[in-house]
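If you want the building blocks of each chain, they are given just below.
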Amino acid sequence: MYRIAEGYSFGGSVTVHIDTTAIAIRQSQAMSDKRVASFIFVLLAAWTISCGGPSKTTNGGTEANGVQSGAKAKRVRNGLSDDFRSIPADSVFVFASLDSRAGIIPALVRFVKPIVATAFKERLTDSGKADAREMAILAKLTTPEGLDQIGIDPRPNFAMYMIGRAGVLRVEIKDGAALEKFILDSADDGAGVSFKKRGDWRYWQGETDDGLVVVAIQNRELLIGIMKSQDAGRVLPMLLDGVLPQRSIVDTGVLDTLSKRYPGQALAYIDTVALFDMMAKEDESVRAMSPTCITEIRSVVGIVPKLVFSFEQSSQDEYVFHTAVELRKDIARDLSNVVAPIPAYDIVTRSGSSMTLGLGLKVEKAILWMQNVATGIEQQPYQCEELADFNSVLSVLPKLSLIPPVVNELTGFVISLEHMEPDDPGSIIAVGAVQSWNPNALLNFIKGSLPFPAIANIELSDDGAIVEIAAGELGIPQQVYLAMGGRMLGFAVGQSDSDLSGIVTSPASSHGPFLAIHYDYSQWSHLVDDDDDDDDDDMSPAMQAVVKKALNSLGPVGFSVFATKFGIHSKTTIELK
């Protein structure tokens, strides 16, 4: 029997979101002189906008900045003052470039650059008019020539991480002196910005209501640190004096391991256990919990020890990234026994449909799994009141006993929508299949459930032969085609699909995703309601226009989820028109 208090979860999830950029902006906006706050925004906007620039070259060749193989990952850097040894082993969040040769997500930058540029322009605008100085700043941030003048590297190595609860961003730049001059020139005389010298760094320090913001520059590196005032004595030496943590992520090998598991240009991960341990040490509301709650919540957090995000190398026409929910080993193993590859998915997706949806799930095994978990909770319920909702999982058991046996025998389905016009049901063209341990029982269940004589009298052979039901006989204006073979019951709507026999007689797959959604955004965008009443009142007309233009650049979008020995791994592909 399983028990959640020992780390097993049912009916819940652990969600962690750390938006370091948003934290930087919110913290800086709390400063007494809000003009100073704009510098953080300027630097982050410049970096975001610049990432789509040309690759760096040396003597006519592309610089090979990346990660060395071996037990201890080490950045091959050009400009950063340290390698990954500056990142503590217990950092709860890490986001780092692993290969800058092709740049980080050029397709994504192409997508967000006009949005960021418009937002920055609007930030600089006063009553609808920007002065010449502000427009000069904007020009430098949004053109390759301007970025070069202010020392911004268009393809930077970078590392974003946490030292305790302090956020740190390190970015490779081209010319520290030029960037410092740009910052000072961008500030009014009364903004109170000046850079001091500390070791190899030129730095500026600003105060927030409850902390500090530090902006530091070397010749080839920009550093931004955000911290609580009481943490400054520990954090500042690690930022400005080259003091290394006693144990770093290089010592743990975590980046090396994850980068091999989820290869790409950049990798981010959240260590959920380390995050909870930090909160248990520093957050007053968590510290106030009982020891029982601390122990039980930590065990639940340990169900998902890491969330990983990997950005795959992409072209200007495609954006690919991976997301992994790493699970405790026994849970990952049990999940792999419950899910299954989507039936006939390879065949269905060859059609180039406008939307495809598939799921592979062994329903009976999934129900037994849930019952097993619930029994463990019943025998040893949570004592922590914060987890009382988990104990209520027992209420699911009576409902599970009402599921018809024919549903228990299902193991997956796939449906592909080839075509559909809005407000015209007669235009639907679709094909799909349902997989079951007993497709004959499924067919008989459908025949007994639908009040149509045409289907009540239908007979299907087990060889994939197609049977047609005339238009209108099932209450829809299209013809319907049915076929059965092996463990599959297939259908086509609107036209006889030549692949239908192949779908139902295809051998069971031993690979592929257990969940997938693929659709062509360009074919579905016309269904979006353009009614002015639905427009976001908080978004300016200019921003609405640029967001709509960015969305209209999207083409086929694919989301596929796989079960691995490490947990759940999803791959998302977005093509741009």
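Residues numbered from 1 in each chain as written. Predicted model: local features only at pLDDT ≥ 70, side-chain atom pairs only at ≥ 80, totals over all residues. Heavy atoms only, no water.

Caption draft 1: Spatial organisation of the overall build of the protein chain. If you tally the helices and strands in the protein chain, you get 23 helices and 21 strands. For the protein chain, the accessible area works out to roughly 27300 Å², and carbon and sulfur atoms hold 53% of it. (Helix = DSSP H or I, 4+ residues; strand = E, 2+ residues; numbered from the N terminus. Areas by Shrake-Rupley, 256 points an atom, 1.4 Å probe, with all protein chains shown as cover.)

Caption draft 2: Structural detail: the nonpolar core. Membership of the largest hydrophobic core comes to 61 residues, with the highest contact counts inside it found for Phe-95 and Leu-179. Residue contributions to this core peak at five residues, all from helix α10 (residues 272-282). With 33 residues, the next largest nonpolar core counts Phe-84, Leu-98, Trp-201 and Ala-324 among its residues. (Core = buried A, V, L, I, M, F, W, Y, C linked by side-chain atoms within 4.5 Å. Buried < 20%, exposed > 50% of the residue type's maximum accessible area, 1.4 Å probe, protein only.)

Caption draft 3: View of the packing of aromatic side chains. Evaluation of the coordinates by the stated rule reveals four aromatic pairs. With 5.7 Å between their ring centres and 40 degrees between their planes, Phe-95 and Phe-311 make a pair best called tilted. Of this pair, Phe-95 sits in strand β3 (residues 93-97) while Phe-311 sits in strand β11 (residues 306-311), and the two are 216 residues apart along the sequence. Within the aromatic cluster, the residues linked to one another by ring pairs are Phe-95, Phe-158 and Phe-311. In this structure, Arg-261 packs its charged tip against the face of Phe-566, placed 3.6 Å from the ring centre. When the ring centre of Trp-437 is taken as reference, the NZ or CZ atom of Arg-487 above it lies at 3.9 Å. (Phe/Tyr/Trp six-rings, centres within 6.5 Å; stacked < 30°, edge-to-face > 60°. Lys NZ or Arg CZ within 6 Å of the ring centre and 35° of its normal.)

Caption draft 4: Structural detail: the confidence of the model for the protein chain. This prediction gives the protein chain a mean pLDDT of 78; 76% of its residues lie at or above 70. Long-range and interchain partners of residues 54-81, a stretch whose pLDDT sits below 50, account for 81 contacts in this model, where long-range means more than four residues apart. Predicted confidence for residues 529-533 stays below pLDDT 50, and this span has two contacts to residues more than four positions away or in other chains. (pLDDT = per-residue confidence, 0-100. Contact = heavy atoms within 4.5 Å.)

Caption draft 5: Spatial organisation of the side chain of Ser-310. The residue Ser-310 is located in strand β11 in this model. For Ser-310, a relative accessible area of 1% gives the class buried. Within polar-contact distance, the side chain of Ser-310 engages the backbone oxygen of Tyr-262 at 2.8 Å. (Polar contact = N/O pair within 3.5 Å; in protein donor to acceptor, adjacent residues only side chain to side chain.)

Caption draft 6: Representation of the pairing of strand β13 (residues 355-359) in the model. Side chains of β13 alternate between two faces, with Thr-356 and Gly-358 buried and Met-355, Leu-357 and Leu-359 left unburied. Note that β13 and strand β14 (residues 410-421) share five bridges and pair antiparallel. Opposite Thr-356, over in β14, you have Ser-416 as the bridge partner. Judged from the five bridges that link them, β13 and strand β19 (residues 515-520) form a sheet pairing that is antiparallel. In the strand pairing of β19, Leu-359 is matched with Leu-515. (Pairing = 2+ DSSP bridges.)

Caption draft 7: Region of the structure containing a nonpolar patch on the surface. Together, Leu-357, Ile-415, Ile-517 and Phe-559 give the surface a local cluster of nonpolar side chains, amounting to about 270 Å² of exposed area. Among the residues examined, Leu-357 registers a relative accessible area of 32% and is labelled partly exposed. (Patch = residues over 30% accessible without salt bridge, like charges linked within 9 Å, V, L, I, M, F, W, Y side chains within 5 Å. Salt bridge = Lys/Arg side-chain N within 4 Å of Asp/Glu carboxyl O.)

Caption draft 8: Region of interest: unusual backbone geometry. Of note in this structure, Ala-344 is not a glycine but carries a positive phi near 55 degrees. Inspection of the secondary structure assignment puts Ala-344 in the loop between α13 (329-338) and α14 (345-348).

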